[in-house]
Number of protein chains: 2
Amino acid sequence: MKYVFGIDVGGTSIKMGLFMETAELVDKWNIPTITTNNGSRILSDIADSIQSKMKQHSLSISDILGVGMGVPGPVSQDGFVDKCVNLGWDSFNVNNALSSLINLPVYAGNDATVATLGEMWQGGGKGHHNVVLITLGTGVGGGIVTNGNIIYGSTGSAGEIGHMHIDNNETDKCNCGNSGCLEQYASATGIVRIGKKHLSSCETPSILRTINPVTSKDIFDAARENDKLALEITDELYKYLGLALSHIASVVNPEIFVLGGGVSNAGAILIEGTRQYFQKFAFHACRNTQFSVAKLGNDAGIYGAAKIALSFH
Amino acid sequence: MKYVFGIDVGGTSIKMGLFMETAELVDKWNIPTITTNNGSRILSDIADSIQSKMKQHSLSISDILGVGMGVPGPVSQDGFVDKCVNLGWDSFNVNNALSSLINLPVYAGNDATVATLGEMWQGGGKGHHNVVLITLGTGVGGGIVTNGNIIYGSTGSAGEIGHMHIDNNETDKCNCGNSGCLEQYASATGIVRIGKKHLSSCETPSILRTINPVTSKDIFDAARENDKLALEITDELYKYLGLALSHIASVVNPEIFVLGGGVSNAGAILIEGTRQYFQKFAFHACRNTQFSVAKLGNDAGIYGAAKIALSFH
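These numbers were taken from a predicted model, which means no experiment stands behind them.

All names here are of chain B. Interaxial distance between helix H6 (residues 188–201) and helix H7 (residues 216–224) falls to 8 Å at its minimum, and their mutual angle equals 60°. From H6, Ala188, Ile191, Val192 and Gly195 reach across to H7, where they touch Ser216, Ile219 and Phe220. By residue class, the composition of the contact of H6 with H7 is five nonpolar, two polar and no charged.

Here's what the structure looks like:
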């Protein structure tokens with residue numbers, strides 16, 4: 001039996017998993033992300049952790065097929081990171097850098113894309129080979145897999161759908177500097193932003209007026225109770241998200257959209273609302289694209305990273 | 001030296017090319033597309049033409065690596081055609097059907113996608129591996145190549161960007177039944193449609209008022225002469241096309257957009273106008289995507305078809 005490591009590098013912690021080549025997760029642990037000194041300790045901390053875990057499980061170099069890694073920023077197919085602001089990293093080849101510390105092949109990818117591969121392999125997209133994962137969290141990210149392969153894009157920015165320009169009339173600014181990005185409507189913070197606009201622009205009675213501060217979960221909960229204002233807010237989200245997914249479908253025509261991130265905990269109500277607008281906007285040949293909710297939660301990254309390492313064998 | 005055939009099946013004629021494996025076009029000819037009886041003669045006409053051309057060039061089966069083919073409709077990666085209305089075809093596997101007639105491997109793809117591969121191989125996208133071709137003709141089509149591979153999509157509809165829903169306020173219907181599709185603005189007929197709307201909605205003097213009927217070429221010609229109304233019309237086209245390309249970039253992040261089809265004869269004025277809006281709408285990591293004009297014209301399809309056949313060897 002051979003093994004791989006799957007690593008998901010986040011801004012505050014690094015999730016790590018040891019997998020058998022048959023996909024079973026053997027061990028799972030976290031180490032903190034030390035971003036001081038331009039994140040110069042991150043890779044040596046990962047290397048130390050891999051080596052001590054190999055010792056603990058009595059594994060030698062020849063037992064390990066490789067190390068997969070998700071990184072929160074653009075990564076080219078050969079491992080070149082072009083500035084990763086959340087980690088303090090400048091531009092360098094992360095595959096080569098980590099590989100030289102542990103003497104194992106390393107395969108890095110963008111974290112959202114790697115999570116997509118994880119969900120396709122063992123999660124909400126299992127059994128499919130053309131999958132788009134949309135991560136609806138603090139921001140909105142995406143990952144594109146066609147015919148079983150990750151799409152990286154020419155500058156590692158394929159699937160950066162959070163900044164798809166979806167409303168030309170928006171006056172509020174997105175973090176990226178543009179206005180009208182999908183993230184301004186479909187992230188957890190975006191939903192709350194729409195919510196506040198609705199709350200302040202009318203007098204409609206609403207459960208939401210009794211809650212402070214209102215979260216995206218409060219808005220979905222109220223919508224489930226048929227709160228009129230909450231339904232208007234979620235309808236606006238569904239419209240923008242359905243429109244963005246119809247754009248994605250016209251480009252890569254996936255079998256299934258997998259919705260992940262904290263907002264996807266809303267579940268069926270989110271899927272059905274979004275699907276309705278998607279079908280209205282989409283080209284007829286794409287209208288039956290399936291929808292599901294991500295299943296691996298925070299483990300999607302380590303699963304996907306393990307899958308990348310395995311796919312090279 | 002080995003050879004391949006590249007075939008581009010259109011609604012009125014079938015373009016055919018015999019290529020050396022080193023990319024040189026040896027011979028090029030057309031046969032008519034007989035669409036009567038649900039297009040049942042099309043494949044046998046192609047087979048007859050291939051066989052007579054092999055005889056003419058003294059080639060035997062062992063000299064030919066395979067036959068690539070572009071088809072005007074959705075085609076799955078293994079050659080399944082799901083209704084091809086322009087040819088009268090129902091649903092069947094076109095690779096198997098033609099292969100059984102000529103005893104050679106056949107590799108079919110959607111015509112727009114196949115043309116993309118041709119432009120990447122020997123045309124406006126030469127030297128690049130992440131290319132999006134946008135065909136601006138009677139309709140609007142597209143083809144997506146990432147990392148050198150055609151993206152087919154789950155129902156063969158990847159790159160069907162003509163029906164990207166780009167304006168939610170449009171009241172005119174598109175041929176597809178929806179409203180607000182890119183094709184309604186950026187096809188040759190779409191540009192004339194916008195032109196007529198502008199001409200009838202104002203009294204602004206314009207060269208265009210002296211021409212009847214106005215074509216998309218007339219509109220670009222007038223814009224080059226700084227005709228105010230023509231500039232407003234082309235600006236509207238650039239805005240919609242730039243927006244659609246920014247959506248595409250956020251999904252697949254290509255190195256280069258190649259604009260093809262009759263409208264692309266407008267050249268630099270079209271590229272610069274579209275690029276300006278693209279850069280305004282696109283995520284910063286995609287903003288430097290290059291633009292070029294297709295170079296192979298009507299031969300893009302046979303080149304791309306030849307490339308598909310070669311890529312399997």
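Picking up after the structure, the text goes on.
Superposition record for chain A on chain B: RMSD 0.0 Å, screw rotation 180°, translation along axis 0.0 Å. The transformation relating the two chain copies, once decomposed into turn and shift, fits a two-fold axis. Both copies share a contact surface, since 97% of the interface residues of chain A are interface residues in chain B too.

It is common to give the size of an interface as the accessible area lost on bringing the parts into contact. With 39 residues of chain A in contact, the opposing surface of chain B contributes 38 residues. Between chain A and chain B, roughly 3,100 Å² of surface is buried when both sides are summed, and carbon and sulfur atoms account for 55% of that area. On the surface where chain A and chain B come into contact, there are zero salt bridges. Inspection of the region where chain A meets chain B yields 25 residue pairs in polar contact (both at pLDDT 80 or more). Of all the elements in the fold, those that place two or more residues in the side of chain A that touches chain B are strand S9 (140–146), helix H8 (228–252) and helix H9 (268–281) of chain A. The element contributing the most residues to the side of chain A that touches chain B is H8(A), with seven residues.

Right, let's get into the state of the cysteines. As used in these notes, a disulfide is a covalent bond between sulfur atoms, one from each of two cysteines. What the rule picks out here adds up to zero disulfides over all chains. Here A:Cys174 is not disulfide-linked; the sulfur of A:Cys181 is the nearest cysteine sulfur, at 3.8 Å. No disulfide involves B:Cys84; its sulfur sits 16 Å from the nearest other cysteine sulfur, which is in A:Cys286.

Across soluble globular proteins, nonpolar side chains have a tendency to be buried as a group. A:Ile134, A:Leu270, B:Ile134 and B:Leu270 are the most contacted members of the largest nonpolar core, which totals 96 residues. Discounting chain neighbours no more than four positions away, the residues touching A:Leu270 are A:Leu136, A:Phe220, A:Leu237, A:Tyr238, A:Leu241, A:Leu259, A:Val263 and A:Ser264.

Residues and elements named next belong to chain A. In this model H9 runs 20 Å from its N-terminal to its C-terminal C-alpha over 14 residues, within 8% of the 20 Å that 1.5 Å per residue would give. The set of residues buried in H9 consists of Leu270, Ile271, Gly273, Thr274, Tyr277, Phe278 and Phe281. Residues of H9 that are buried make contact with strand S8 (131–136), helix H7 (216–224), H8, strand S11 (256–260) and strand S12 (290–293).

All names here are of chain B. Considering all chains together, one arrives at 22 aromatic pairs over all chains under this definition. Taking the centre distance of 3.9 Å and the plane angle of 20° together, the rings of Tyr185 and Tyr240 count as stacked. Here Tyr185 is found in helix H5 (residues 183–186), whereas its partner Tyr240 is found in helix H8 (residues 228–252), with 55 residues between them in sequence. Here Tyr185 and Tyr240 have matching classes, each one buried. For the pair Phe257 and Phe278, a centre-to-centre distance of 5.4 Å together with 80° between the ring planes defines the contact as edge-to-face. You can see Phe257 sitting in strand S11 (residues 256–260) and its partner Phe278 sitting in helix H9 (residues 268–281), a full 21 residues away along the chain. Of the two residues examined, Phe257 and Phe278, each falls in the buried class.

The rules we used
- Residues numbered from 1 in each chain as written.
- Chains lettered and ligands numbered in written order.
- Predicted model: local features only at pLDDT ≥ 70, side-chain atom pairs only at ≥ 80, totals over all residues.
- Heavy atoms only, no water.
- Axes fitted to C-alpha atoms, helices over the stretch in contact; angles between N-to-C directions.
- Helix = DSSP H or I, 4+ residues; strand = E, 2+ residues; numbered from the N terminus.
- Contact = heavy atoms within 4.5 Å.
- Nonpolar A, V, L, I, M, F, W, Y, C, P; charged D, E, K, R; others polar.
- Least-squares fit on C-alpha atoms with pLDDT ≥ 70 in both.
- Buried area = accessible area lost by both parts, 1.4 Å probe.
- Salt bridge = Lys/Arg side-chain N within 4 Å of Asp/Glu carboxyl O.
- Polar contact = N/O pair within 3.5 Å; in protein donor to acceptor, adjacent residues only side chain to side chain.
- Disulfide = S-S within 2.5 Å.
- Core = buried A, V, L, I, M, F, W, Y, C linked by side-chain atoms within 4.5 Å.
- Buried < 20%, exposed > 50% of the residue type's maximum accessible area, 1.4 Å probe, protein only.
- Expected span 1.5 Å × (residues − 1).
- Phe/Tyr/Trp six-rings, centres within 6.5 Å; stacked < 30°, edge-to-face > 60°.

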